[in-house]
Structures are given as C-alpha cells and as structure tokens.
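An overview of the molecular structure
Residues per chain, in single letters:
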Amino acid sequence: MDQLADFFQNSINILGEEIKVKQIFAFILTLIVTLIGAGYLHRWSRRLFNRVRIPQGLANRLLALLFLIVMVIGIGLAFRIAEISTGFLGKVFNYPITKLFQPPQKVVETATGEEESSGAVDDGSPLTLKRLFYAFVIVFGAFILSKYVQWMLRRQVLQAFEIARHTQFILLRFVHFIFLIIGVLIGLSAVGVSFTSVAIIFGGLSIGIGFGLQNIASNLIAGFILIFERPIKIGDLVEIMELDTFGRVSSINLRSTVITALDEKEIIVPNSQLITESVHNLTHANDLFRLRIQVSVSYSSDVEVVKKVLLETAHDHPEVIKEPNSEMPNVTAPFIRFTDFGESSLNFELLAWIPDSTHRFDVASDLHFMIWEKFKVYGIKVPFPQRDIHFYPTESE
C-alpha cells in the first residue's frame, strides 16, 4: 500500500507544470463518469423527444448540443476535482507542435563556464494547436459562408434571370471553389505556412499523382470536361450500357457524378467512365423519345387489319404525339413497319413519339395492354413457336 501511495504522490512535469499521478487519475475518472452520465441523459432525452413528437432532425441537433454542453461542464469539473490549474490548457494550446518531432536539447558548458542548450532554434512563429484551431475555424467559416452565398445567389439572382439549371450549377460551383481557396489560403497564413512550403507540397503531390494517383487525377480532369463541355447536364436522363445504369443526373462533382435511378437510388459513377464509355443521353437536345413496340401475329391474320389496330392504339393513347408541329423537325406521326416473315409469325413494329422520355416505360406498358385488348376484339391471334416432327421407321421396325 505504501508503494501504491508513493506512486500516486509522484509528480510528472508536463509543459512546465508539476502534476501528480493522483490528479491525472482523478481527471480521467471524472471524464469517464461524465461520459456515462451523458449516455444516460442522451437515452432519456431521446425517449422524451419521441414522446413529445419532436421532428427527428431537430431532435438529433438538440441531442448533439446537449452532449457538447455536458462534456464542457464535465471537463470543467474534472479540472476542479483534480485540482489542475486551467492555465495548463493555455500552455497546451500554445505549445509548439514542432518540438514533438525534435531531438531533446542538450546542455553544453561554454568556455566561460556558462551553460547553453543545443538543438533546434525557434523560428519565432511556431505551429501550435491554437493556430491550427484558428485555421480550422477560418476554413469552416469559408465553407459556411459559401453555402449561404450560393443559397442567396440561387434564390435572389439566378432564378430571377431564368438561367438554365446546368449553368446555375457551374456558376455556384465556381463560387464555392473560390470561397474554399480563399479560406484555405487565409488558414495557411494563420498557421504560419509560407507559400514556398505550399509550392514544395504541391511538387510532392505532383510526383504522387504521377506514381499512384492516376485514377483520381483522371476523374478530376474528366470532371472539368463534363462541367465545361457539357456532354451531360444536371437533369439529363442517361443510360450507361456497360454499367447497366439508367437514371437522371442529379449532380456533377469533380471526382464523380451522381445519377438518381428510377427507384430513387443514387448511383455514384466516376467521371472517367462517363468520358471513356458509351453513354446514351436521352435528353441532351430535348425530352422527345421514340417508342418501338414489336408485335407478332399469326400467318392467318389480315395484315391491313393489324396495321389499322396498331395505328388506332397509338392514336388512342393521350401521350403519343399524333401531329408533330414545325418545332419538331424529326418527329413523325405514328406509323407501322412490317419488319419480316418469321418462322411462325408475321412481325410488325409500331413507332410512336412521346414528349417526355421519362414516361417511356409507362407508355410502352399502356400500349401493350391496349394492343392485347384490341387483338381480342378483332380476333387477331398472337402465335407461339410451332415445330413439325417427323418419325422415320428403322429397318428393324
């Protein structure tokens, strides 16, 4: 017991402060108790918020704020219970981080009998936790300010001028990058990093890109190509054959593009794939789409009646374009193609245009139902494959 008591009475010099081991243990135990209490308070508050039916998003923010408040109070109590001076925090925040990576200084006695320490020389602007915190606050503030400015521009300026959605996206991206670059530069200045050091860092990054980051670099370059060349835009309906992906483009970022599928799943596609692989953009110039409904009938059917039925079906559907106007130069009225003579059927194809490509699956399904009902009315049969089997007797038979 005496040895344990002596151990707790030992002092540790931390940044010039003599702190006893028992004080460190008291500080840690107080923090553990605070965390346990914060956990119980979190669960109790969650049940209370659910009982009073507070929205989930607001409840999560309130719980996070409550956790931060409890932890701040707990840290303050830990310093008081452990009897550690709060001035110790100032030394921690102002302690030069570079000293952690320097060898310990040695005391050297000069010829005059004076003692001086040998080691690294302080440059007058050391990197400290306080400087890092200031830099983080500056960059985070630039990010928040960028979001607010983008919101203001979108609501007050861009919508008033009726600028296209993709152009709005490009302008707002530029604003976001400008604010982030300014914030990073100011943050580096607050830390005390010189632009010469930044140039050296970027030189090292260029070597890293050459050796191991080609994929990321290609995606970044492809992102700029997508933004400026505009082969696809925000809101376009695209189909990537190799990836079996079909959906609408919701955002184009520097590294990847987000495509929202028809079932509301978000598919993240690297930008390089959109540049190097085949992409069907169904709404690049307009939203028009031509449906191809393939129909097979038996050889006993009257082809003129089949043509009449298919044309009637197309004209009965409200979303099919019956009479294209001058603004649709390549759009035609519904027509029928007699494609070929099959092994057991006559094959036809109904071609019809619709104004919105997003409805192509629904319209095609409607046309199939309508054709089936009209075939039953007119007595047109859809054949099934037929085969003739011949048996040849052998000599024994």
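Residues numbered from 1 in each chain as written. Predicted model: local features only at pLDDT ≥ 70, side-chain atom pairs only at ≥ 80, totals over all residues. Heavy atoms only, no water.

1. Here we look at the packing of aromatic side chains
- Applying the stated criterion across every chain, the model contains five aromatic pairs.
- An aromatic cluster of at least three residues, connected via ring pairs, comprises Phe338, Phe341 and Phe348.
- The side chain of Arg43 reaches across the aromatic face of Tyr40, ending 4.8 Å from its centre. (Phe/Tyr/Trp six-rings, centres within 6.5 Å; stacked < 30°, edge-to-face > 60°. Lys NZ or Arg CZ within 6 Å of the ring centre and 35° of its normal.)

2. Observations regarding the packing of helix H2 (residues 21-51) against helix H3 (residues 56-81)
- At their nearest, the axes of H2 and H3 sit 9 Å apart, and the two run at 155° to each other. Taken together, H2 and H3 sit at an angle that is classed as roughly antiparallel. The two elements H2 and H3 cross, and the hand of that crossing is right-handed.
- When its residues are assigned to classes, the contact of H2 with H3 shows 18 nonpolar, seven polar and one charged. (Axes fitted to C-alpha atoms, helices over the stretch in contact; angles between N-to-C directions. Helix = DSSP H or I, 4+ residues; strand = E, 2+ residues; numbered from the N terminus. Parallel < 35°, antiparallel > 145°, perpendicular 65-115°, else oblique. Left-handed = near helix turned anticlockwise from the far one by under 90°. Nonpolar A, V, L, I, M, F, W, Y, C, P; charged D, E, K, R; others polar.)

3. Considering the sheet that holds strand S6 (residues 245-252)
- Strand order in the open sheet formed by five strands is S8-S7-S6-S5-S9, with antiparallel pairing between adjacent strands. The open sheet terminates on both sides in strands that have one partner only, identified here as strand S8 (266-270) and strand S9 (279-281). For this sheet the average axis-to-axis angle between neighbouring strands, irrespective of direction, equals 40°.
- In this structure, strand S5 (residues 237-240) lies alongside S6, joined through four bridges in antiparallel fashion. (Pairing = 2+ DSSP bridges.)

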